[in-house]
Number of protein chains: 2
Amino acid sequence: MQPYHAPLRDMRFVLYELLGADRQLSALPGWEEVTADLIDPILDEAAKFCREVLFPLNRSGDEEGCRFENGVVRTPKGFKAAYDLFRQGGWTGLMAAGADGGQELPRLLGQMVSEMICSANLAFGIYPGLSQGAYAALAVHGDEALKRAYLPKLASGDWTGTMCLTEPQCGTDLGLIRTRAQPQEDGSARITGTKIFISAGEHDLADNILHLVLARLPDAPKGIKGISLFLVPKFVPGPDGRPGRPNGVACSAIEHKMGINASATCVIHFDDATGYLVGEPNKGMRAMFRMMNEARLAVGIQGLGLAEAAYQGAVAYARERQQGRALGKPSRPDLPADPILVHPDVRRMLLTIRAKTEGARALAAWVALEMDKAARGGDRARREETEDLAALLTPIIKASFTDMGFEAANLGVQVMGGHGYIREHGMEQLVRDARITLLYEGTNGVQALDLIGRKLTAHGGRFLRRFFHPLDAYLAAKAGDPALAEFVQPLAKAFGRLQQASAAIALQGLKNPSDAAAGAADYLRLFGLVAMGFQWARMAETALAALAEGQGGEADFYQAKLATARFFMARLLPECGALLATVAEGGKTLADFPDRAF
Amino acid sequence: MQPYHAPLRDMRFVLYELLGADRQLSALPGWEEVTADLIDPILDEAAKFCREVLFPLNRSGDEEGCRFENGVVRTPKGFKAAYDLFRQGGWTGLMAAGADGGQELPRLLGQMVSEMICSANLAFGIYPGLSQGAYAALAVHGDEALKRAYLPKLASGDWTGTMCLTEPQCGTDLGLIRTRAQPQEDGSARITGTKIFISAGEHDLADNILHLVLARLPDAPKGIKGISLFLVPKFVPGPDGRPGRPNGVACSAIEHKMGINASATCVIHFDDATGYLVGEPNKGMRAMFRMMNEARLAVGIQGLGLAEAAYQGAVAYARERQQGRALGKPSRPDLPADPILVHPDVRRMLLTIRAKTEGARALAAWVALEMDKAARGGDRARREETEDLAALLTPIIKASFTDMGFEAANLGVQVMGGHGYIREHGMEQLVRDARITLLYEGTNGVQALDLIGRKLTAHGGRFLRRFFHPLDAYLAAKAGDPALAEFVQPLAKAFGRLQQASAAIALQGLKNPSDAAAGAADYLRLFGLVAMGFQWARMAETALAALAEGQGGEADFYQAKLATARFFMARLLPECGALLATVAEGGKTLADFPDRAF
């Protein structure tokens, strides 16, 4: 693969032209300086770091993988040095509070940096990514002493974090957790149990690892309502705040996986380990959900990053590889064959990746900006609106972006033909790496159930209205604009299908929830397409305006935006019709199948 | 993964109940004994061999891979012994002519055995699979001396074959081949050139390897019309017919791939190697296409085999894994959680695999039986009809079955959640192994272009009518049957869409071939769904008849058939509507995208 180049032009289009994010962010208290003058250099620096430091370690990290010896995990060659540079560059604390030594920058910016990291080296990105989730949970739910002791360490990247949920007998169904917590006189607790699939659970990048562990207190209620969250450091900090005595935490194995080989996936045993309660007893799921929602958005961004990487690799190959001739007349009669970029099916694959990637980038940015605005300004009602929107879109971003990342990587392989199957070329690694994103932090099927079971039903459908209303308003406002008709009309049609599907799901949910569950995955996919389509209509509008203003030198960029928008509407949105049909069909054919005949 | 069990019941359903293959085959000259009494024990034996010998080597073969040292390729532990057993069991010559020491059994039977092999161990199956292709090309195009010298060795499996097409600068576009052939006085030729991606190009399973090599004779016309086919043995047989002096053939490397690690993918250098012309000079593509068409059907069967393997693994996991509760009331209140088989989304994934797998099995069997019948009986017109049908369906079987295999393996991983991502569990290997089937023997995009560019246009659409007419006749005959309405009506609707899409493609082909090419992949997918749907209607009809006859003990089997047929119609066929929409859309949005903006 050619080196990764961050899509800075598109990021700036989204930030400044589509969203006016510089204007909106710098109007918020404390972010007065968050203008293009601040944002651009940060994006440029991140792009450089990803290209020069992280990307070169991506394939070697995959080939070498992590090694496990006697309880110690060694990351691949170069990872420790890269992490040190990453930490020293302040990237671990980009969004952390100033009081913790962080830079307190908007989520929107952090998200774009995350996308770059995931494009360049997903396995590397998982280590600091987990720390961000731990930071968020601790910052909201931890008491003052915990926050003081641990948040600065996470912000500086000196220490890293984990999320310890899964156990051998329990994945999705956290009510089955068996890990126990025994309260001690000093207010701490002793934690005992086995956790599996713990990303970054043990490694050699940092001096200490902070495990956020779900466990049961004695006499806790059964199931999900009896789970508490504890912070369990690998080394218990001494009075000087430095890593002190080893805690009862041991890594017994790492998993051998399909991909993300440079990310250590650990089995962690807690044996009377000292832990500290985070939040209230038996209310661990609340804190965990905060961490989980952060993680789900982050995994969605992983999908986006992988899709962008696949796009770049596939385009480079399609420009270089010469095979066959264009239908009609040769594009390069001077060569023995034309570059495969001329073939309609190759263009179809490239544009499919491109249209979804750019649609996803715009969608994620819109949500992040709304969250930034709610975090810093607006009243309670405004905050609630944003929280609703984020809650609604989190499962959609997680599942539809990761589906996209996997699809993109596979299209990338397909563009490269047999060469895509060879490890040396790097594209197949993206497929293997992307595959996990459809599984962890709740499988994409679980996201779909979250969407229809929790998000659609909450507060009488209030969450849904947070998305439907602005889309409705947009369509109404633009209905009369002939220049936008080619974008707005297909979007309106797709939205109509989403509304019908939503009504069908709601009705099924009342009559027979299994019917709704049977269509959940297709419903989520439909929703994701409409949400991206909304962004595409807005992007097309923005591009048209820029062209009308005569952006001479950049006409290509805006023409490409318009062409991609047209492709999205004409070639990707029609899937919505089929998805509506299967959602409406319900679950009878699933339920009727005799269990023993499977 | 639990051990693989061949789907013998379903194979017998297809053979005897759906197709009446025993009756039809035993009516043909020379196959009088091909009845259930002959077929069943062969299927049973093949199932046993696959379960006991090949399946246990699948994961170890993947982990160990092939090793390359000083020009020698070593297959993984156990492969040589398994191949010896395979050869001794007569499996290599199942369909070979009696005169060559083969068993001369129908293609239909060979195909079912191939499916089992691919389910159990795809990487192993590639070695004898290539030999079958070489046998077919040589049997039809080789002269008597070549046939006498080499066919028995391929039939016995003592020697294996390869197909040497690809070169570094040439994959799909075989007109770019540079390998040269210099005729010698004794009628042989000296072959010089480099071939890449040569499956089974070098290995330790057999005493000799017969390379079928595309090369150019001096003064050959440029491009595809100047290519000849040569047989180049690794060791030139001596007068006693045994492997004699080493030929100028050397393996310089094997590829490190995403999957099929136990299958050696070789770089082969020919350096003044002795070769023998197969067929006429400059007509190599004709012989190669025969081999290629065989190979494409065989790769389709690989997709089918992998899908079946994924299904079995996913079902076993879904029965065992307990997580969450059924909506409504618990199915196993005695356990802490219900088996995940109760969840609608899990059932959706399992039934998607099942419905496509069984539909594909029936479709492939139908085509194979038609080919068997044409090979042994009927007049010239009948043979032509069958050749047309096979030519039409070959790209569809190759591409839609391999898409299915990959989709199935991925659904298998999805059912298993995070556990599916762990190598130890075997499911992710199916994803990696399946990925190659969408690429080799012509990418699936190339299949789609073959379908619209060659197959639809041949003889004024004659090929298409070979499929449309029987389907039309079937729909007309069953239109009035209320018991079949729930199957026939959705099929008729999907067929209507296929007809519209075919008309659109034909019109686009006349006006602007790029428009047709832009929809080729979706058109092929649509065609595959309708072709499977046709089989599902027939299977449902067969199952209804069996139930009406009161197949007491097997009611479950037939009920499951009907339930799967309903699922296929209700949940999988609706995709046809979206596919028609994108086909009809044409290629404008692809062509309009500015090349430099990619």
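Preceding block: the structure.
What you are looking at is a predicted structure, and each value in this text was computed from that prediction instead of being measured. Throughout this document, residue positions are counted from 1 along each chain, in the order its sequence is written. Just so you know, chain letters begin at A and ligand numbers begin at 1, following the order they were written in. Selection of residues for local features in this predicted model requires a pLDDT of at least 70, selection of side-chain atom pairs for listing and counting requires 80 or more, and totals for whole chains, interfaces and linings are taken over all residues. Side-chain numbers come from the whole structure's heavy atoms, not from hydrogens or water.

### Overview of the overall build of chain A
Rule in force here: Each helix is a run of H or I in the DSSP string that is no shorter than four residues. Each strand is a run of E no shorter than two, and both are numbered from the N terminus. In this setup the radius of gyration rests on C-alpha atoms only. A globule is expected at 2.2 Å times the number of residues raised to 0.38. Contacts are assigned to residue pairs with any non-hydrogen atoms lying within 4.5 Å of each other. The method behind every accessible area is Shrake-Rupley, applied with a 1.4 Å probe, and residues are considered shielded solely by the protein chains displayed. In summary, the charge assignment counts Lys and Arg as positive and Asp and Glu as negative, without counting His or the chain termini. Charge positions come from single atoms, namely NZ of Lys, CZ of Arg, CG of Asp or CD of Glu.
A tally of regular secondary structure across chain A gives 19 helices and 11 strands. Against the 2.2 N^0.38 benchmark of 25 Å for 598 residues, chain A shows a C-alpha radius of gyration of 24 Å, consistent with a compact globule. For the C-alpha atoms alone, the extent of chain A along its principal axes is close to 80 × 60 × 60 Å. Sequence-distant contacts in chain A: of pairs separated by 6 or more residues, those separated by 24 or more amount to 73%. As displayed, chain A offers around 21,200 Å² of accessible surface, 52% of which is attributable to carbon and sulfur atoms. With 65 positive and 68 negative side-chain charges, chain A shows a separation of 3 Å between the mean positions of the two kinds.

### Thoughts on the interface of chain B and chain A
We apply this condition: Joining two parts hides part of their accessible area as seen by a 1.4 Å probe, and the buried area is that hidden amount summed over both. Just to be clear on terms, a salt bridge is a Lys or Arg side-chain nitrogen sitting within 4 Å of an Asp or Glu carboxyl oxygen. When residues are grouped by polarity, Ala, Val, Leu, Ile, Met, Phe, Trp, Tyr, Cys and Pro land in nonpolar, Asp, Glu, Lys and Arg in charged, and all others, Gly among them, in polar.
Facing 86 residues of chain B, the contacting portion of chain A comprises 86 residues. Around 7,400 Å² of area is buried between chain B and chain A when both sides are counted, 61% of it from carbon and sulfur atoms. The largest share of the area that chain B buries against chain A comes from Tyr 421, Arg 571 and Phe 598 of chain B, three residues that together contribute 13% of it. For the interface between chain B and chain A, the tally reads 6 salt bridges. One salt bridge in this structure joins Arg 571 of chain B and Asp 522 of chain A, with 3.9 Å as the shortest N-O distance. For the side of chain B that touches chain A, the leading source of residues is helix H17 (residues 555–572) of chain B, giving 8 residues. Of the residues that constitute the side of chain B that touches chain A, the class distribution is 41 nonpolar, 22 polar and 23 charged.

### Description of the environment of Leu 529 of chain A
On the secondary structure map, Leu 529 of chain A appears in helix H16 (residues 520–548). Here the alpha-carbon distance between Leu 529 of chain A and Ala 360 of chain A, two residues 169 residues apart in the chain, equals 9.5 Å.

### Some words on the relation of the copies chain B and chain A
Put simply, the rule is: Here the copies are matched by least squares. The fit uses the C-alpha atoms of residues with pLDDT of at least 70 in both.
Note on the copies: chain B fits chain A at an RMSD of 0.0 Å, the axial shift is 0.0 Å, and the rotation between them is 180°. Read as a symmetry element, the transformation amounts to a two-fold axis. Across chain B, the smallest distance between a C-alpha and the rotation axis is recorded for Ala 578 of chain B, namely 2.9 Å. An overlap of 100% is found between the interface residues of chain B and their copies at the interface of chain A, pointing to a shared contact surface.

### Some remarks on the pairing of strand S7 (residues 228–233) of chain A
All names here are of chain A. Inclusion rule: Categorising residues by exposure relies on relative accessible area from a 1.4 Å probe, with only protein chains included: less than 20% of the type maximum marks a residue as buried, more than 50% marks it as exposed, and the intermediate range marks it as partly exposed. Two strands qualify as a pair provided DSSP detects at least 2 bridges between them.
Of all 6 residues in S7, 6 are buried; the element is thus mostly enclosed. Alternating residues of S7 divide into Ser 228, Phe 230 and Val 232 and Leu 229, Leu 231 and Pro 233, and every residue in both groups is buried. Where strand S6 (residues 208–215) lies against S7, 6 bridges are found, and the strand directions are antiparallel. Residue pairing in the sheet places Val 213 in a bridge with Phe 230 of S7. The sheet contact formed by S7 and strand S11 (residues 265–278) spans 3 bridges and is antiparallel.

### A short note on the packing of helix H9 (residues 344–376) of chain A against helix H10 (residues 380–416) of chain A
All names here are of chain A. Where we set the bar: Angular values range over 0 to 180 degrees, each being the angle between N-to-C directions of two axes fitted as lines to C-alpha atoms, with helices fitted over their stretch in contact. An angle counts as roughly parallel when it lies under 35 degrees, as roughly antiparallel when it exceeds 145, as roughly perpendicular when it falls between 65 and 115, and as oblique in every other case. Handedness of a crossing is defined here by the sense of rotation of the near helix relative to the far one, left-handed for an anticlockwise turn of less than a right angle and right-handed for a clockwise turn.
Look at H9 against H10: their axes get within 9 Å of each other, and the N-to-C directions meet at 160°. Overall, the two elements H9 and H10 adopt an arrangement that is roughly antiparallel. Like other packed secondary-structure pairs, H9 and H10 cross with a definite hand, here left-handed. Among the residues making up the contact of H9 with H10, the classes are represented as 20 nonpolar, 5 polar and 6 charged.

### Quick word on the nonpolar core
Let me state the cut-off plainly: Put simply, a nonpolar core is a bunch of buried Ala, Val, Leu, Ile, Met, Phe, Trp, Tyr and Cys residues held in one set by side-chain atoms that sit within 4.5 Å of each other.
The biggest cluster of nonpolar side chains holds 436 residues, and the ones touching the most others in it are Phe 467, Tyr 523 and Phe 527 of chain A together with Phe 467, Tyr 523 and Phe 527 of chain B. Those residues in contact with Phe 467 of chain B, other than ones at most four positions away along the chain, are Trp 366, Leu 389, Leu 392, Leu 393, Leu 498, Phe 527, Val 530, Ala 531 and Phe 534 of chain B.

### Some words on the packing of aromatic side chains
Inclusion rule: Between the rings of Phe, Tyr and Trp (Trp by its six-membered ring), a pair exists once the centres lie within 6.5 Å; its type follows the angle of the planes, with under 30 degrees stacked, over 60 edge-to-face, and the other angles tilted. Either the NZ atom of lysine or the CZ atom of arginine qualifies as a charge over a ring when it sits within 6 Å of the ring centre and within 35 degrees of the ring normal.
In this structure the tally under the stated criterion is 41 aromatic pairs over all chains. Relative to Phe 598 of chain B, the ring of Phe 593 of chain B has its centre 4.4 Å away and its plane inclined at 45°; by these criteria the two rings are tilted. By relative accessible area, Phe 593 of chain B is classed as buried at 1%. Taking relative accessible area as the criterion, Phe 598 of chain B reaches 10% and is therefore assigned buried. Among the aromatic residues, those joined into a ring-pair cluster are Trp 366, Phe 467, Phe 468, Tyr 474, Phe 495, Tyr 523, Phe 527 and Phe 534 of chain A. Arg 9 of chain A extends its terminal NZ or CZ atom over the ring of Phe 557 of chain A, reaching a point 4.1 Å from the ring centre. Sitting over the face of the ring of Phe 534 of chain A, Arg 538 of chain A holds its NZ or CZ atom 4.0 Å from the ring centroid.

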